[in-house]
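If you want the building blocks of each chain, they are given just below.
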Amino acid sequence: QVQLVESGGGLVQAGGSLRLSCVGSGTIFGIKLMGWYRQTPGKQRELVADITAGGTANYVDSVKGRFTISRDNIKRAVYLEMNSLKPEDTATYYCKLVLRDSIEYQWKDYWGQGTQVTVSS
């Protein structure tokens, strides 16, 4: 079983920074895509940023210029550097890895447990 362990969430004042980390473990044969999502109560989970194994990244408009996603293919890790945080960034953040957990060429989605980010005004 592949497990994704998240860390780095917390409470920060507006304008502050946090760095989220997500590290995969277990049998991983290949990674296609890594991403960060966020969700607040009563709302659907939204994509914040994702990055391909080759390093191509994209971001939701609301975080462009403030957040940076990066990855380490060897460590099977994805990171989210969050700067100039705003109260509207408050959410539970989840990482997702699209990967293969067997020799069969079949991509699967794996999710982290979530980490809470709270930004005070």
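Quick notes on the rules
- Residues numbered from 1 in each chain as written.
- Predicted model: local features only at pLDDT ≥ 70, side-chain atom pairs only at ≥ 80, totals over all residues.
- Heavy atoms only, no water.
- Helix = DSSP H or I, 4+ residues; strand = E, 2+ residues; numbered from the N terminus.
- Rg over C-alpha atoms; globule rule 2.2 N^0.38 Å.
- Buried < 20%, exposed > 50% of the residue type's maximum accessible area, 1.4 Å probe, protein only.
- Contact = heavy atoms within 4.5 Å.
- Areas by Shrake-Rupley, 256 points an atom, 1.4 Å probe, with all protein chains shown as cover.
- Lys, Arg positive; Asp, Glu negative; His and termini not counted.
- Charge placed at Lys NZ, Arg CZ, Asp CG, Glu CD.
- Core = buried A, V, L, I, M, F, W, Y, C linked by side-chain atoms within 4.5 Å.

Caption draft 1: Looking closely at the overall build of the chain. Looking only at helices and strands, the chain has zero helices and eleven strands in total. In sequence order, the secondary structure elements of the chain are arranged as β-β-β-β-β-β-β-β-β-β-β. In terms of C-alpha radius of gyration, the chain reaches 14 Å, essentially the compact-globule figure of 14 Å for 121 residues. If you line up the chain on its principal axes, its C-alpha atoms span 50 × 25 × 25 Å. Taking all 121 residues of the chain together, 41% fall into the buried category. Long-range contacts, defined here as pairs at least 24 residues apart, represent 55% of the contacts in the chain between residues at least 6 apart. Element-wise, carbon and sulfur atoms account for 48% of the exposed surface of the chain, whose accessible area totals about 6,400 Å². Averaging the positions of the 14 positive and the 11 negative side-chain charges in the chain gives two centres separated by 2 Å.

Caption draft 2: Highlighting the nonpolar core. Membership of the largest hydrophobic core comes to 28 residues, with the highest contact counts inside it found for W36, F67, V78, L80, M82, Y93 and L97. If you tally residues by element for this core, the top one is strand β9 (residues 91–100), at five residues. Setting aside residues up to four positions removed in sequence, V78 forms contacts with L20, S21, C22, M34, W36, I51, I69, S70, R71, C95 and L97.

Interpretation in functional terms is not warranted from these geometric data alone.
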